[in-house]
Amino acid sequence: MDAATSIAVGKIGGALALTLSALGSGLGIGAAGAAAIGAWKKCFAQNKPAPFIQLAVCVGAPITQTFYGMIVMTVKLLKMAAEPTNWPACIGWGLFGGLAIGLSAWMQGKIAAASADAFAETGQGFTNYLMAIGIIESVAIFVMVFILVFA
């Protein structure tokens, strides 16, 4: 396979990293957003003040994994330009790294959804909920860093 074709095929790895990370972010934001809307509705129905900022933080938390996927994609594309014969590794790192980052985002959204509901109902524990949201974020950060260091 010539260098140009190898680079073109290897770019699939970068596309996978970004796309799968963004897919997970979308699923996570969807879950957290739906829960936040339900939580705001409960507050309005009970004539309680709706916690806008705290629930917006819950909704937005999974977006960061898209950035991690973009960073992995950029590094993989630069690596492909330098080492065109490395295309199978780039596809593998992009596929499995993107999946891990995307699943982290999706699960983070589910944690954020539960957090939004709990905080709107009780008005307490936001720091605890952020801790749980942050721990699952660590999975995506670790995957990104390991790819950057070892790939």
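Shown above is the structure to which this text applies.
All values derive from a computational prediction rather than experimental measurement.

K.L.:
Just to check I follow, could you spell out the overall build of the protein for this structure?
P.N.:
Helix and strand counts for the protein come out as five helices and zero strands. Over its C-alpha atoms the protein spans a radius of gyration of 19 Å, topping by over 25% the 15 Å that the globule rule assigns to 151 residues. On the principal axes, the C-alpha backbone points of the protein span a range of 65 × 20 × 15 Å. Here the protein holds 151 residues, and 38% of them are scored as buried.

K.L.:
Would you explain the environment of Asn 86 in this entry?
P.N.:
Note that Asn 86 resides in the loop between helix H3 (64–82) and helix H4 (87–122). With 78 residues separating them along the chain, Asn 86 and Ala 8 place their C-alpha atoms 11 Å apart. Asn 86 has contacts with Lys 79 and Met 80, leaving out every residue within four places of it along the chain.

K.L.:
Just checking my understanding: could you explain the nonpolar core for this structure?
P.N.:
The nonpolar side chains of a soluble globular protein tend to be buried with one another. Ranked by internal contacts, the top residues of the largest apolar core, which has 16 residues, are Ala 36, Leu 55 and Cys 58. Elements represented by at least two residues in this core include exactly helix H1 (3–45), helix H2 (52–60), H4 and helix H5 (126–150). Among the elements that line this core, the one with the most residues is H1, at five residues. Beyond its immediate sequence surroundings of up to four residues, Cys 58 is in contact with Ala 32, Ala 112, Ser 115, Ala 116, Phe 126 and Ile 133. Counting nine residues, the second-largest nonpolar core is a separate cluster that includes Ala 17, Ala 140, Val 143 and Ile 147.

K.L.:
So what exactly am I meant to see when it comes to a nonpolar patch on the surface here?
P.N.:
A contiguous nonpolar surface patch, about 1,100 Å² in accessible area, is contributed by Ile 63, Phe 67, Met 70, Ile 71, Trp 93, Ile 141, Phe 142, Val 145, Phe 146, Leu 148, Val 149 and Phe 150. Here the nonpolar patch takes seven residues from H5, the largest share from any one element. Looking at the secondary structure, you find Val 149 in helix H5.

Reading the values: rules and limits
Residues numbered from 1 in each chain as written. Predicted model: local features only at pLDDT ≥ 70, side-chain atom pairs only at ≥ 80, totals over all residues. Heavy atoms only, no water. Helix = DSSP H or I, 4+ residues; strand = E, 2+ residues; numbered from the N terminus. Rg over C-alpha atoms; globule rule 2.2 N^0.38 Å. Buried < 20%, exposed > 50% of the residue type's maximum accessible area, 1.4 Å probe, protein only. Contact = heavy atoms within 4.5 Å. Core = buried A, V, L, I, M, F, W, Y, C linked by side-chain atoms within 4.5 Å. Patch = residues over 30% accessible without salt bridge, like charges linked within 9 Å, V, L, I, M, F, W, Y side chains within 5 Å. Areas by Shrake-Rupley, 256 points an atom, 1.4 Å probe, with all protein chains shown as cover. Salt bridge = Lys/Arg side-chain N within 4 Å of Asp/Glu carboxyl O.

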